[in-house]
Amino acid sequence: MNRKILKFEIDLDFVLIAITTSLKDYRICYHINKCLNFNFTRVDDLKLDSGNYGNEMLFSFYNYSWENTETDFYFIGNKGTEGYLVPEMREADYFLMIKNYIDDEDLENIISCLNKIPEIVAAVKIDPKKIKSRENLLF
């Protein structure tokens, strides 16, 4: 009998920036909007099944898009109602996820501008492939 093994690899086609700050989500979004000339708007919380008897974890969730390049930006809280979105990165308070294409120069400008905001302790690009719980970032 022939056996075939199916290997499934998740396509992580986004850039992830971890942000550490002591501010609430709406306050840091205000500073990011001001610095980067973005317009983050709050959308429904990101829901994630915790696996504990059907309980859902809720994470703050903001969205903004560049219309000309169709680049989507998502600002997501790492600390939710029942735990962390990415438990192995507890030191990160928020994540800035960039989906679709972004130029390397634009990305560096965004990271540089984020690090210039006095309320942000650090903003660092993270490789999503190295995160154990990367499935939590797929939505």
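That block above? That's the structure.
What counts and what doesn't
- In this convention, every chain numbers its residues from 1, walking through the sequence in written order.
- At least 70 in pLDDT is required for a residue's local features to be given in this predicted model, at least 80 for side-chain atom pairs to be given and counted, and no such filter applies to totals for whole chains, interfaces and linings, which use all residues.
- Hydrogen atoms and water are omitted, and side-chain values are computed over all heavy atoms in the structure.
- For two strands to count as paired, DSSP must find a minimum of two bridges between them.
- Strands are runs of DSSP state E lasting at least two residues, helices are runs of H or I lasting at least four, and both sets are numbered from the N terminus onward.
- Contacts are assigned to residue pairs that have any heavy atoms within 4.5 Å of one another.
- With axes taken as lines fitted to C-alpha atoms, and helix axes fitted only over the stretch in contact, angles between N-to-C directions fall between 0 and 180 degrees.
- By this rule the span expected of a helix is its residue count minus one, scaled by 1.5 Å.
- Categorising residues by exposure relies on relative accessible area from a 1.4 Å probe, with only protein chains included: less than 20% of the type maximum marks a residue as buried, more than 50% marks it as exposed, and the intermediate range marks it as partly exposed.
- The directions from the helix axis to the C-beta atoms are what the arc is built from.
- Polar contacts, as used here, are pairs of N or O atoms within 3.5 Å; protein pairs need one atom able to donate a hydrogen and one able to accept it. Residues neighboring in sequence count only if both atoms are side-chain atoms.
- The salt bridge criterion pairs a side-chain nitrogen of Lys or Arg with a carboxyl oxygen of Asp or Glu, the two atoms within 4 Å.

### A few points about the sheet that holds strand 7 (residues 94–99)
Part 1 of the argument: With antiparallel pairing, 6 strands are arranged side by side in an open sheet as 2-5-6-7-1-8. Strands with a single pairing partner mark the edges of an open sheet, and in this sheet they are strand 2 (41–42) and strand 8 (120–126).
Part 2 of the argument: Pairing geometry for strand 1 (residues 14–21) and strand 7, over 6 bridges, is antiparallel. Looking across to strand 7, one finds that Leu16 is bridged to Met97.
Part 3 of the argument: Its contacts with the sheet place helix 1 (residues 25–36) against strand 1, strand 2, strand 5 (61–66), strand 6 (71–77), strand 7 and strand 8, and it is angled at close to 145 degrees to strand 6.
Part 4 of the argument: Of the strands in this sheet, strand 1, strand 5, strand 6, strand 7 and strand 8 touch helix 2 (residues 104–116), which is tilted by about 160 degrees from strand 8.

### Section: helix 2
Part 1 of the argument: With 13 residues, helix 2 should cover 18 Å at 1.5 Å per step; its first-to-last C-alpha distance of 18 Å lies within 8% of that length.
Part 2 of the argument: For helix 2, the full list of buried residues reads Leu107, Ile110, Ile111, Cys113 and Leu114. Down the axis of helix 2, the buried set is contained in an arc of 165 degrees. They therefore lie on one face. In this structure, helix 2 carries Asp104, Glu105 and Lys116 as exposed residues pointing more than 90 degrees from its buried face.
Part 3 of the argument: For helix 2, the secondary structure elements touched by its buried residues are strand 1, helix 1, strand 5, strand 6, strand 7 and strand 8.
Part 4 of the argument: The backbone nitrogen of Glu105 lies 3.0 Å from a side-chain oxygen of the residue at the head of helix 2, namely Asp103.

### Side note on the pattern of salt bridges
Part 1 of the argument: For the structure on display, the rule yields 2 salt bridges.
Part 2 of the argument: Between Arg42 and Asp25 there is a salt bridge; the shortest N-O distance is 3.1 Å. In this pair, Arg42 sits in strand 2 while Asp25 sits in helix 1, placing the two residues 17 residues apart along the sequence.
Part 3 of the argument: The class for Arg42 is partly exposed, based on a relative accessible area of 43%.
Part 4 of the argument: For Asp25, a relative accessible area of 12% puts it in the buried group.
Part 5 of the argument: As a salt-bridge pair, Asp45 and Arg42 come within 2.7 Å of each other at their nearest N and O atoms.

### Re the pairing of strand 6
Part 1 of the argument: Counting buried positions along strand 6 gives 7 out of 7 residues, so the element sits mostly inside the fold.
Part 2 of the argument: The alternating pattern of strand 6 places Thr71, Phe73, Phe75 and Gly77 and Asp72, Tyr74 and Ile76 on opposite faces, both of which are buried.
Part 3 of the argument: As defined by bridge partners, strand 5 adjoins strand 6 across 6 bridges and the pair is classed as antiparallel. Paired with Ser65 across the two strands is Asp72, which belongs to strand 6.
Part 4 of the argument: Hairpin geometry of strand 5 and strand 6 is characterised by an intervening segment of 4 residues between the two adjacent antiparallel strands and by a positive phi of about 60 degrees at Glu70.
Part 5 of the argument: Relative to strand 7, strand 6 is paired through 6 bridges, and the arrangement is antiparallel. Its bridge partner lying in strand 7, Tyr74 is registered against Met97.

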